[in-house]
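Okay, here's what each chain looks like letter by letter:
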Amino acid sequence: MKNSKEYAAKFASQIKKLKKRSDPLDMSGPLEVLIYSQLLWESNASQADEAWDSLLAARLDWHEIRVSTPGEIAEMCGDTSAEALDRGARLKAMLNHLYQRHHEVTIDPELELGKRDLRASIEALDGMTPYVATRWLLLCGEIGGVPVDEQLCWMLGNAGCIDDSASVDEVSAWVSRQVKSDDAYRVHATLQAWVNGQSDRVSKRRAKDLQAAERAAKKKRGDIIASRNKAQKVAAEKRKEAAERAAARKAAAALAEQEALEQAAKKTTKKTAKKTTKKTTKKTTKKATTKTTKKTSKKVAKKPAKKAAKKTTKKPAKKAAKKPAKKAAKKPAKKAAKKPAKKAAKKKTSKKRSTSRSRK
């Protein structure tokens, strides 16, 4: 516990202030001490005595308590407090556990154990609380300790003897360390008398504090729920914004990818166009060059061939043209020359004939 030394001095001074004592009732056996300690838990001595008397009057044996329900046990005890059902359930669980251990409702075999094993065995019982275990070990096992329950813890905290944030288990262990084992019984009786004298007032104040704590807890829960709802709204808005940003990034990436694809397609089309134009230009240039080379080669080859052909063709052509021209010129000339010659010869012959006839 925090500030243990400071609280130890306050606890010692509070014990010195308390003058009254409430000694425990004389019990016939350790099992009865266990059951009475459970009835005294979160109660006072007068209420525990009344519950004990009514329980003894109503029961046949402890097996009947073991097989009864918590409500039936509370009814047997005449307990109408807020802890009645819890007290009955814990009492039933402890008796059942003892029956499972020893096949009967008894706690006598535990007394033969050493102190360490005895403490472990008692604290391990079902439904056991630190108050009941410490009280039974103090009264029956001669193991020093001061029993502390919720109401005593509240009273010590209200008196400033302990840290308010400490649990009942922590306070019980701490108080037992502050008291010597020989002085534990006296301190327990003193604190029990303090609880008995202020039990009603303490229960009322505890009820008020409990209500205030419940209201504060309710308000805290409401605040937590409101803050959680607000945080959920903020988180939802952030998720929405993040989703929108992600969608925008995705759309931008898709657009960029599409543009990249379009650019790549344009590049590929340009490349293919360039390639095709290059190919076509190469083909056309090749064709043109081949044509021109062929033409030039043909021309070059044709010129001497033509010249040679012209020379060769011109001479015989001229000769051939000259010969028939000469012949043609000669023939009509000869014919023209022959005709008058023939006529003249014919005339001469006809004249000769005529002359010859005339002479005859």
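A brief look at the structure comes next. For clarity, every value in this text was computed on a predicted model and none was experimentally measured.

So, about the overall build of the chain. Regarding its fold elements, the chain presents 11 helices and zero strands. Counting helices and strands in the order they occur from the N terminus, the chain gives α-α-α-α-α-α-α-α-α-α-α. Within the chain, buried positions represent 28% of all 360 residues. Considering only intrachain contacts with a sequence separation of at least 6, the fraction spanning at least 24 residues in the chain is 68%.

Another aspect to go through is the nonpolar core. Side chains of a nonpolar character, in soluble globular proteins, are inclined to be buried together. Leu-31, Leu-34 and Ile-122 are the most contacted members of the largest nonpolar core, which totals 33 residues. Tallying contributions element by element places helix α2 (residues 30–40) first for this core, with seven residues. Not counting residues up to four positions away in its chain, the partners in contact with Ile-122 are Ile-107, Glu-110, Met-128, Ala-133, Trp-136 and Leu-137. Of all hydrophobic cores here, the second largest spans 24 residues; its members include Met-155, Val-171, Val-179 and Val-187.

All right, on to the packing of aromatic side chains then. For the structure shown, the criterion picks out three aromatic pairs. Note on Tyr-36 and Trp-52: the rings are 6.1 Å apart at their centroids and 85° apart in plane angle, and the pair reads as edge-to-face. Of the two residues, Tyr-36 is situated in helix α2 and Trp-52 in helix α3 (residues 45–58); the sequence distance between them amounts to 16 residues. Here the two residues Tyr-36 and Trp-52 agree in accessibility, since each one is buried. These aromatic residues form a ring-pair network of at least three members: Tyr-36, Trp-52 and Trp-62. The ring centre of Tyr-99 lies 3.9 Å from the NZ or CZ of Arg-66, which sits over that ring.

Let's shift gears to helix α7 (residues 115–123). When we look at burial in α7, the residues that qualify are Leu-118, Ser-121 and Ile-122. With its buried residues spanning 95° around the axis, α7 presents them on a single face.

Take the pattern of salt bridges next. Per the counting criterion, the structure on display carries eight salt bridges. Ionic pairing is found between Lys-10 and Glu-6, a salt bridge with its closest N-O pair at 3.7 Å. With Lys-10 and Glu-6 both in helix α1 (residues 4–17) and four residues apart, the pair spans about one turn of that helix. Of the charged contacts, one joins Arg-21 and Asp-23 as a salt bridge, the two residues approaching to 3.1 Å between their closest N and O atoms. Residue Arg-21 is classed as partly exposed on the basis of its relative accessible area of 44%.

With that settled, the discussion passes to the packing of α2 against α3. The description of two packed helices rests on the angle between their axes and on the distance between the axes. Running from N to C, α2 and α3 cross one another at 130°; their axes reach a closest spacing of 8 Å. Classed by the angle they form, the pair α2 and α3 counts as oblique. Crossing of α2 over α3 shows right-handed handedness. Mapping the contact onto sequence places Glu-32, Ile-35, Tyr-36, Leu-39 and Leu-40 in α2 and Ala-45, Ala-48, Asp-49, Ala-51, Trp-52 and Leu-55 in α3. Of the residues in the contact of α2 with α3, the class split is nine nonpolar, no polar and two charged.

Each value, and the rule that gives it
- Residues numbered from 1 in each chain as written.
- Predicted model: local features only at pLDDT ≥ 70, side-chain atom pairs only at ≥ 80, totals over all residues.
- Heavy atoms only, no water.
- Helix = DSSP H or I, 4+ residues; strand = E, 2+ residues; numbered from the N terminus.
- Buried < 20%, exposed > 50% of the residue type's maximum accessible area, 1.4 Å probe, protein only.
- Contact = heavy atoms within 4.5 Å.
- Core = buried A, V, L, I, M, F, W, Y, C linked by side-chain atoms within 4.5 Å.
- Phe/Tyr/Trp six-rings, centres within 6.5 Å; stacked < 30°, edge-to-face > 60°.
- Lys NZ or Arg CZ within 6 Å of the ring centre and 35° of its normal.
- Arc of directions from axis to C-beta.
- Salt bridge = Lys/Arg side-chain N within 4 Å of Asp/Glu carboxyl O.
- Axes fitted to C-alpha atoms, helices over the stretch in contact; angles between N-to-C directions.
- Parallel < 35°, antiparallel > 145°, perpendicular 65-115°, else oblique.
- Left-handed = near helix turned anticlockwise from the far one by under 90°.
- Nonpolar A, V, L, I, M, F, W, Y, C, P; charged D, E, K, R; others polar.

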